[in-house]
Amino acid sequence: MDEDMLEDQRRLVELIEEEGWDVTDLEISAYDSPWADEDDPEATVTITARKPYENDDEEGDGDDDNPYRLK
């Protein structure tokens, strides 16, 4: 795999983590483009990340009318 692709992958992860996300999975696929006549490879990056959000409601999620909630 091309070193430039790996560096781009690292930079994407850094950008996502700077925004407060935790990267939990990453996959990079390099291939020759079927759409171009060039010999330059292309890459696809799939990133899975999670980010917890604080709940502003003081009593949980605020859906007290939910008939499925145990009280």
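Everything below is about the structure printed above this text.
Residues numbered from 1 in each chain as written. Predicted model: local features only at pLDDT ≥ 70, side-chain atom pairs only at ≥ 80, totals over all residues. Heavy atoms only, no water.

1. Details of the overall build of the chain
- A tally of helices and strands in the chain yields one helix and two strands.
- For the chain, the succession of helices and strands along the chain, N to C, is α-β-β.
- Split into buried and exposed, the 71 residues of the chain put 7% on the buried side.
- By sequence separation, contacts in the chain at least 24 residues apart represent 39% of the contacts at least 6 residues apart.
- Total accessible area on the chain stands at roughly 6400 Å², and carbon and sulfur atoms take up 44% of it. (Helix = DSSP H or I, 4+ residues; strand = E, 2+ residues; numbered from the N terminus. Buried < 20%, exposed > 50% of the residue type's maximum accessible area, 1.4 Å probe, protein only. Contact = heavy atoms within 4.5 Å. Areas by Shrake-Rupley, 256 points an atom, 1.4 Å probe, with all protein chains shown as cover.)

2. Details of the side chain of Q9
- By the element assignment, Q9 lies in helix 1 (residues 3-18).
- Those residues in contact with Q9 that lie beyond four places of it in its chain are L26 and I28.

3. As for a negative patch on the surface
- On the surface, D32, D39, D40 and E42 cluster together into a patch of negative charge.
- Structurally, the position occupied by D39 is in the loop between strand 1 (22-32) and strand 2 (41-50).
- According to the relative accessible area criterion, D39 is exposed, its value standing at 72%. (Patch = residues over 30% accessible without salt bridge, like charges linked within 9 Å, V, L, I, M, F, W, Y side chains within 5 Å. Salt bridge = Lys/Arg side-chain N within 4 Å of Asp/Glu carboxyl O. Lys, Arg positive; Asp, Glu negative; His and termini not counted. Charge placed at Lys NZ, Arg CZ, Asp CG, Glu CD.)

4. Description of the pattern of salt bridges
- All told, the structure shown has five salt bridges when counted by the stated rule.
- As a salt-bridge pair, E3 and R10 come within 3.7 Å of each other at their nearest N and O atoms.
- The partner of R10 in a salt bridge is E7, and the shortest N-O contact between them spans 3.1 Å. One end of the pair, R10, and the other, E7, are both in helix 1, three residues apart, so they sit about a helical turn from each other.
- Take R10: its relative accessible area is 39%, and that puts it in the partly exposed class.

5. Here's the deal with the environment of V45
- When you line up the elements, V45 lands in strand 2.
- Looking at V45, the relative accessible area reads 30%, which means it is partly exposed.
- Note: C-alpha distance between V45 and A30 (15 residues apart in sequence) is 8.8 Å.
- Contacts of V45, omitting those with residues within four sequence positions, involve L12, L26, E27 and I28.

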